Structure formats: structure tokens, C-alpha cells
Amino acid sequence: MSTIDLFESESAPTREKIGEEAIVLRGFASAAANDLLAKIKEIETISPFRHMTTPGGFTMSVGLTNCGQLGWTSDRRGYRYSPIDPITNKPWPQMPEEFFRLARSAAHEAGFNDFNPTACLINRYTPGAKLSLHQDKDEPDFNAPIVSVSLGIPAMFQFGGLDRSDKKINIPLVHGDVVVWGGVDRMRFHGVLPIKSNVHSILGEQRINITFRRA
Ligand code: SIN
Ligand code: FE2
């Protein structure tokens, strides 16, 4: 395993348009990162990270948990949003106020006013973990955007088109970066390439992604 000094990189606060209504807000979550991570520690003591099974019978390499009114889950029966954590049989932990505020201000910054996320999926990647190309389509309302916060070691985010086979762009994401996509770009395919070995000064060999949606 090689640890290169890339791991200390954080973005300067710039914006990169990646679609008509899609943008990378570099460094947008940097200042809030430590608070977000402290809250995630609390969340995972209530609803731990787990490796879910896909309807096709595969075990996801990404560990997941949720906070908020609704949590995204997967099992042999399909993908869905549920107010109850299937492991604890209790509601998911509340969405911390800081999470809600950050998601709302990132959405606003990207041109989507009044974003009211009800679901917050927390993904944990270790080196080798990946997320295959997919669309976020389990939500009843595609008018609301998606806000996705990256923390920890870098990832290569793939952003494609409305058809699975459309050309994809590779976007490196580091600690503190936020991606927002909605409107005409809401249904674009996206995914995460296998995470490369690396070490982050706070999170060690982990990447955490927090995804806010209106479900
Ligand atoms: C997702 O599509 O749910 C997560 C994307 C990411 O981890 O950056
Ligand atoms: Fe997604």
C-alpha cells in the first residue's frame, strides 16, 4: 500500500459546472467536515454501517447507514426507502440540523432553492469499494436535486448521461467537495470507481459520502 501526499489535498473553494444543472462545489463542506464526522460517529452507534444485499444477490462493497425520516435500503426484494432501520427495527437517527443546513445551502448555491431533504444516505468506502453506474430513481419526486458530500480519501466519481451507455466524465472528489445535480441532470447515470489505497489524516483509509435526497 502506498500512501502518497495526495491525501492531504483539499480543494480551494471553486465551482465546476458539469452539466446544465449540475455542479461541483469544491471545498464547500470543508469547514463543516469535523462536525459532520462527529455526528456520523453518533449516528453509527444507533444505526451501524452494514453491507446490504442487492436484489440480484450481490453484497455491496460500500457500507451504508442513514439518518433522517427515510433511509434507503436494499435486499433481495428490491430497493426502497423506509422510515425504519431493518437492523434495529427502530426509526433511523434524526438528521442533524448541521446536515440539513449544509445540504440546503449547497443546493441553493447550485441554483435549487428550498431543498427539503427527507433522506440522508451515508456511504462508507474502504480501498477497493466501488459503486456501479446507476440512476437515483427510487424517489417519488424527481424535482428535488441530489446533494452529495465527500469526506476522507479521494474518489473518482463518474458522471454520465441519461442512457447507461452515454459518455462519462471522471471527476476526482476530495475531502470537502460537494456535488449537486438536479433539473435536466437529475436522472444522469453516476457511480464511483474502485477507491484507491490512501490514508486521510482524520478518516484513515476511508471515504465517507453523505447523499441528501427528497424521498
Ligand atoms: C451515490 O450515488 O449514492 C453515492 C455517490 C458517491 O459516493 O460519491
Ligand atoms: Fe446515486
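Residues numbered from 1 in each chain as written. Chains lettered and ligands numbered in written order. Predicted model: local features only at pLDDT ≥ 70, side-chain atom pairs only at ≥ 80, totals over all residues. Heavy atoms only, no water.

Any details on helix 2 (residues 97-109)? Residues and values, ideally.
One turn of the α-helix equals 3.6 residues, which is why residues spaced by three or four share an orientation. With 13 residues, helix 2 ought to run about 18 Å at 1.5 Å a step, and its terminal C-alpha atoms sit 18 Å apart, in line with that. With its phi angle positive at about 100°, Gly111 sits one or two positions after the end of helix 2. (Helix = DSSP H or I, 4+ residues; strand = E, 2+ residues; numbered from the N terminus. Expected span 1.5 Å × (residues − 1).)

Got a sec to walk through the confidence of the model for the chain? Specific residues and values, please.
Residues with a pLDDT of 70 or more make up 96% of the chain, whose mean pLDDT is 95. Low pLDDT, under 50, characterises residues 1-5; the predicted model gives this stretch six contacts beyond four residues in sequence or across chains. (pLDDT = per-residue confidence, 0-100. Contact = heavy atoms within 4.5 Å.)

Mind laying out the pattern of salt bridges, listing which residues take part and the relevant values?
Here the structure, examined in full by the defined rule, presents 14 salt bridges. In this structure, the salt-bridge partner of Arg101 is Glu97, at a minimum N-O distance of 3.8 Å. Of this pair, Arg101 and Glu97 both sit in helix 2, four residues apart, roughly one helical turn. Several salt bridges converge on common partners, so that one network encompasses Asp136, Glu139, Arg186 and Arg213. (Salt bridge = Lys/Arg side-chain N within 4 Å of Asp/Glu carboxyl O.)

For the sheet that holds strand 9 (residues 131-134), give the residues involved together with the corresponding values.
The four strands are arranged 9-14-11-12 in an open sheet whose pairing can be described as antiparallel. Of all strands in the sheet, those bounded by a partner on one side alone are strand 9 and strand 12 (169-173). Across the sheet, the axes of successive neighbouring strands diverge by a mean angle of 20°, strand direction being ignored. Pairing between strand 11 (residues 155-159) and strand 12: five bridges, direction antiparallel. The partner of Ala155 across the bridge, within strand 12, is Leu173. (Pairing = 2+ DSSP bridges. Axes fitted to C-alpha atoms, helices over the stretch in contact; angles between N-to-C directions.)

How would you explain the packing of aromatic side chains if you had to name every residue and give the values?
Per the stated rule, a full pass over the model turns up five aromatic pairs. Considering the side-chain rings of Trp72 and Tyr79, the 5.3 Å spacing of their centres and the 25° angle between planes classify their relative orientation as stacked. Looking at Trp72, the relative accessible area reads 11%, which means it is buried. You can call Tyr79 partly exposed: its relative accessible area is 42%. Here the aromatic rings of Phe157 and Trp181 are separated by 5.7 Å at their centres, their planes lie at 45°, and the arrangement is tilted. Residue Phe157 is located in strand 11, and its partner Trp181 is located in strand 13 (residues 178-181); the two are separated by 24 residues in the primary sequence. Through a chain of ring-to-ring contacts, the aromatic side chains of Phe157, Phe159 and Trp181 assemble into a single cluster. Stacked on the ring of Tyr125, the Lys or Arg Arg207 has its end atom at 4.9 Å from the ring centre. (Phe/Tyr/Trp six-rings, centres within 6.5 Å; stacked < 30°, edge-to-face > 60°. Buried < 20%, exposed > 50% of the residue type's maximum accessible area, 1.4 Å probe, protein only. Lys NZ or Arg CZ within 6 Å of the ring centre and 35° of its normal.)

For the coordination of the iron ion (ligand 2), give the residues involved together with the corresponding values.
Surrounding the iron ion (ligand 2) are the protein donor atoms His134 (NE2), Asp136 (OD) and His190 (NE2), which sit 2.1 to 2.2 Å from the metal. The site at the iron ion (ligand 2) holds four donor atoms, and with the angles between them running 88 to 174°, its shape is irregular. Counting the intervening residues between successive donors of the iron ion (ligand 2) yields the motif H-x1-D-x53-H. Residue His134 is classed as partly exposed on the basis of its relative accessible area of 21%. We classify Asp136 as buried; its relative accessible area is 5%. (Donors = N, O, S within 2.8 Å, 3.2 Å for Na, K, Ca; no water. Tetrahedral: all angles 85-135°; square planar, octahedral: opposite > 155°, others 65-115°.)

Provide a residue-level description of the environment of Pro172, including the pertinent values.
With respect to the secondary-structure elements, Pro172 resides in strand 12. Of the residues examined, Pro172 reaches a relative accessible area of 44% and is grouped as partly exposed. Among all residues touching Pro172, those that are not within four sequence positions of it are Arg26, Ala155, Met156 and Asp177.

Break down the site of ligand 1 for me, citing the residues and quoting the values.
The full set of residues close to ligand 1 is Asn123, Tyr125, Leu131, His134, Ser148, Phe157, His190, Val192, Arg207, Asn209, Thr211 and Arg213. Separating an oxygen atom of ligand 1 from a side-chain N or O atom of Arg207 is a distance of 2.9 Å. Arg213 is positioned such that a nitrogen or oxygen atom in its side chain is 3.4 Å from an oxygen atom of ligand 1. Compared with its free state, where it exposes 260 Å², ligand 1 has 98% of that area covered by protein. Going through the elements one at a time, strand 8 (119-125), strand 9, strand 14 (190-192) and strand 15 (207-213) are the ones with two or more residues in the shell around ligand 1. Counting residues per element, the shell around ligand 1 draws most heavily on strand 15, at four residues. A breakdown of the residues in the shell around ligand 1 according to their chemical character gives four nonpolar, six polar and two charged. (Near = heavy atom within 4 Å. Polar contact = N/O pair within 3.5 Å; in protein donor to acceptor, adjacent residues only side chain to side chain. Areas by Shrake-Rupley, 256 points an atom, 1.4 Å probe, with all protein chains shown as cover. Nonpolar A, V, L, I, M, F, W, Y, C, P; charged D, E, K, R; others polar.)

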